[in-house]
Amino acid sequence: LITIALSVLILTLWQVFYVNPRVEAQREAAQIEAQRSGETGQQAGEASNLPSAGATQPGSVPGSAAAPQAPLSRGQALAQGQRVQIDTPRLSGSINLAGARLDDLLLKDYHTTVDKNSPNIELLNPAAVSEGYYVEVGYTGNALTGAVPGPDTVWQVQEGSTLSPGNPVTLSFTNERGLTFLRTFAVDENYLFTITDTIRNAAGEPVEIRNYGRTTRMGHPQTAGIYILHEGFIGVLGEERLQEVKYSAAQEGGQILPSKSADGWLGITDKYWAVTMVPRAQKDFQPRFAYFSDGRERFQADYLTDPVTVAPGGEAKVETLVFAGAKVVDVIDAYEAQHDIRQFELLIDWGWFYFITKPMFYLIDWLFKLFGNFGVAILATTVLVKLIFFPLANKSYKSMANMKKVQPAMLEIREKYADDKMKQQQAMMELYKKEKINPLAGCWPILIQIPVFFALYKVLYVTIEMRHAPFFGWIRDLSAPDPTTIFNLFGLLSFDPSQVPVIGHFLMLGVWPIIMGITMFLQMRMNPTPPDPTQAMIFNWMPVIFTFM
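All of these numbers come straight from a predicted model, not from anything done at the bench. (Residues numbered from 1 in each chain as written. Predicted model: local features only at pLDDT ≥ 70, side-chain atom pairs only at ≥ 80, totals over all residues. Heavy atoms only, no water.)

A. Structural detail: the overall build of the protein. Looking only at helices and strands, one finds twelve helices and 20 strands in the protein. For the protein, buried positions account for 46% of its 549 residues. Considering only contacts in the protein between residues 6 or more positions apart, those separated by 24 or more positions represent 64%. By element, 59% of the accessible surface of the protein is carried by carbon and sulfur atoms, the whole surface being about 27200 Å². (Helix = DSSP H or I, 4+ residues; strand = E, 2+ residues; numbered from the N terminus. Buried < 20%, exposed > 50% of the residue type's maximum accessible area, 1.4 Å probe, protein only. Contact = heavy atoms within 4.5 Å. Areas by Shrake-Rupley, 256 points an atom, 1.4 Å probe, with all protein chains shown as cover.)

B. Representation of helix α12 (residues 533-548) within the structure. Taking 1.5 Å as the rise per residue, α12 with 16 residues should run 22 Å; its terminal C-alpha atoms sit 23 Å apart, in good agreement. If you look at α12, its biggest bend is around 35°, right at Trp-541, and the proline Pro-543 turns up within four residues after that. Taken residue by residue, α12 has Ala-536, Ile-538, Phe-539, Met-542, Pro-543 and Thr-547 as its buried positions. (Expected span 1.5 Å × (residues − 1). Bend = angle between axes of the 7 residues up to and from the residue.)

C. The arrangement of the packing of aromatic side chains in detail. Per the counting criterion, the structure on display carries 24 aromatic pairs. On the numbers, 5.0 Å between centres and 45° between planes, the contact of Tyr-291 with Phe-299 is tilted. Given a relative accessible area of 0%, Phe-299 falls into the buried group. Positioned above the aromatic ring of Tyr-354 is the side chain of Arg-241, whose terminal nitrogen or guanidinium carbon lies 5.9 Å from the ring centre. (Phe/Tyr/Trp six-rings, centres within 6.5 Å; stacked < 30°, edge-to-face > 60°. Lys NZ or Arg CZ within 6 Å of the ring centre and 35° of its normal.)

D. Molecular detail of the pairing of strand β15 (residues 264-269). Of all six residues in β15, six are buried, a share of seventy percent or more. By the bridge criterion, six bridges tie strand β12 (residues 232-237) to β15 in an arrangement that is antiparallel. The residue bridging Gly-235 from the neighbouring strand is Leu-266, located in β15. Summarising the sheet, β15 and strand β16 (residues 273-280) pair through four bridges and their orientation is antiparallel. Of the residues in β16, the one forming a bridge with Ile-268 is Val-275. Hairpin connection between β15 and β16: a loop of three residues separates the two successive antiparallel strands. (Pairing = 2+ DSSP bridges.)

E. Just the pattern of salt bridges, in detail. With the rule as written, the count across this model stands at 18 salt bridges. When the shortest N-O distance is used, the salt bridge between Glu-136 and Arg-101 registers 2.6 Å. One end of the pair, Glu-136, is in strand β5 (residues 133-140); the other, Arg-101, is in strand β3 (residues 101-111), with 35 residues separating them in the sequence. For the pair shown, Glu-136 and Arg-101 are each scored as buried. (Salt bridge = Lys/Arg side-chain N within 4 Å of Asp/Glu carboxyl O.)

F. Looking closely at the pairing of strand β13 (residues 243-246). What you see with β13 is a clean split: Gln-243 and Val-245 sit on the buried side and Glu-244 and Lys-246 on the side with no burial. Between β12 and β13, which pair antiparallel and follow one another directly, the connecting turn spans five residues, one of which, Gly-238, has a positive phi of 55°.

G. Fine view of the sheet that holds strand β9 (residues 179-187). What the nine strands build is an open sheet, ordered β6-β8-β9-β10-β20-β16-β15-β12-β13; its pairing is antiparallel. Each edge of the open sheet carries a strand with a single partner, namely β6 (156-159) and β13. Along the sheet, successive strands turn relative to each other by an average axial angle of 20°, direction set aside. Across eight bridges, the pairing between β16 and strand β20 (residues 315-326) is antiparallel. Bridged to Val-278 within β20 is Leu-321. Running over the sheet, helix α4 (residues 329-339) touches β10 (192-201), β16 and β20 and is turned about 165° from β20. (Axes fitted to C-alpha atoms, helices over the stretch in contact; angles between N-to-C directions.)

H. Representation of the packing of helix α7 (residues 390-405) against helix α10 (residues 444-462) within the structure. It is at 8 Å that the axes of α7 and α10 come closest, and there the two elements cross at 145°. Pair α7 / α10 crosses with left-handed handedness. Contacts from Leu-392, Ala-393, Ser-396 and Met-400 in α7 reach Pro-445, Ile-446, Ile-448 and Gln-449 in α10. Partitioning the contact of α7 with α10 into residue classes produces six nonpolar, two polar and no charged. (Left-handed = near helix turned anticlockwise from the far one by under 90°. Nonpolar A, V, L, I, M, F, W, Y, C, P; charged D, E, K, R; others polar.)

I. Quick peek at the environment of Glu-336. Within the secondary structure layout, Glu-336 lies in helix α4. Here Glu-336 falls in the partly exposed class, since its relative accessible area comes to 22%.

J. Molecular detail of the confidence of the model for the protein. Looking at the protein, the pLDDT average stands at 85 and 89% of residues meet or exceed 70. Note that pLDDT drops below 50 for residues 32-58; the model gives that stretch 63 contacts with residues more than four away or on any other chain. (pLDDT = per-residue confidence, 0-100.)

K. Inspection of helix α9 (residues 421-435) at higher detail. Compared with an ideal rise of 1.5 Å per residue, which puts 15 residues at 21 Å, α9 spans 21 Å between its outermost C-alpha atoms and is within 8% of the ideal. Every buried residue of α9 is accounted for by Gln-424, Ala-427, Met-428, Leu-431 and Tyr-432. Projected down its long axis, α9 carries its buried residues within an arc of 140°, all on one side. With respect to the buried face of α9, the exposed residues turned more than 90 degrees away are Met-422, Met-429, Glu-430, Lys-433 and Lys-434. Summarising the contacts, the buried residues of α9 are in contact with α7 and α8 (407-416). Of the residues flanking the start of α9, the one acting as N-cap is Asp-420, its side-chain oxygen 3.3 Å from the backbone nitrogen of Met-422. Phi for Lys-436, located one or two positions after α9, is positive at around 55°. (Arc of directions from axis to C-beta. Polar contact = N/O pair within 3.5 Å; in protein donor to acceptor, adjacent residues only side chain to side chain.)

L. Representation of the side chain of Ser-118. Summarising the element assignment, Ser-118 is placed in the loop between β3 and β4 (120-124). For Ser-118, a relative accessible area of 10% puts it in the buried group. In terms of polar contacts, Ser-118 uses its side chain to reach the backbone carbonyl oxygen of Asp-115, at 2.6 Å. Those residues within four positions of Ser-118 in sequence are excluded, and the remaining contacts are His-111, Thr-112 and Thr-113.

M. Broad picture of unusual backbone geometry. One non-glycine residue, Gln-282, lies in the positive phi region at around 60°. Counting through the fold element by element, Gln-282 comes out in the loop between β16 and β17 (285-292). One non-glycine residue, Leu-489, adopts positive backbone phi at about 55°. With respect to the helices and strands, the residue Leu-489 is situated in the loop between α10 and α11 (511-526). The class for Leu-489 is partly exposed, based on a relative accessible area of 45%.

Here it is in structure tokens:
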């Protein structure tokens, strides 16, 4: 109990005095950086160890293209240059013909708030926006290849006008040496783009080019900042099962190079959304997770393949899959099976207790489809799990009852041998043996259940299915805290406790946390009162601590 109480205290202090100030500092730093970029007119340069945009130096991936003197609005950035529209049941946006770049993508099914009239989630944004976020596929060459498609290459539309399921769009680019690139974009009903390049060599000698892909994100992304959730770089690469690199780790190291890979995927993940690339060039590739601070702060997940040879008069094909959308479990699992993407299901952060967490999700999802309400599905899941563990819990209850029965005898022993701890312990053991009591019998069942209920908490926190899911009454979003609070009489007063510095979020003490605290207090009263005054005090205060927590 002391350990639990201290752990809660430490986590609370850590959140208040470390995590929250750090998030605020990062937000302020991002704002200052944006202002400074606008005031000084500083352009986004390339990383010192990378070629400039559009360069053809072999063996390297381009950095970000130069940005305007000041960040543009999203509308201004989209108005620049030519674009091909994207329109699917779940996505809208456009492809920038400069670089054939995916840099404009909205999620039709998801909004910024629970209000259905609020703006759609903007997943990808042009580089000229302060929070630019895009995916680009290109090539590096050499003197024999001539110019190859890169960040500044302007493609021509050869076929198609709007990219939609069943209606691909084909772009083309031909360089000064007779090397022609035909790029076909295709998209499915959900979130998967297929980029197929056909490279034709009209020259009289073979050429070698390398395919690259990069997911670039400008600025410092806002994260949930909680240890049970990974946000940042992610991939399944080489012999490693899963690679997870936080933004902070990339900032400290500059770049992280996982082992070379023949298959797999990599990209950037948020809590509910992700943008990943799946190289299909049939060549080994070198993945990289990198951070650049020159000009504009940016994070980049990229890869570079081994050389692809195109014979004289011949052609070669290079395919890249790009996932850009919501991390819906059924959709992710289907992509893994249909396209043979190695361990793509790990794009969702199932955690250490994967073998418990994912089955738990399927149970909740089935109950949700049965009842039509996610909150009811959670309650039903909790009841079912409790029923499964009832035999263990019953043993715990029996042990507690037996301990309560012998409590007077225990107090007598403590008083009798108050000055002799050794005899006190021996007498206690004799009492346990005589009454056939195992003092640990009440603890082990609880310890066994902890991973299961942690897995349940993990499922509810990381899966998008609960985002903006309503319950009843004033609970319109189960993924958000109870919006009511006792400190403004549940909305009767105009005072907003959440605006109080440092401790504001602790003052958001709504109806449901209070009900939980009361029921926890009543459950505590069902247990025998600890003979030690300190333990008894902890028992009394624990419901209060957990209510605020």
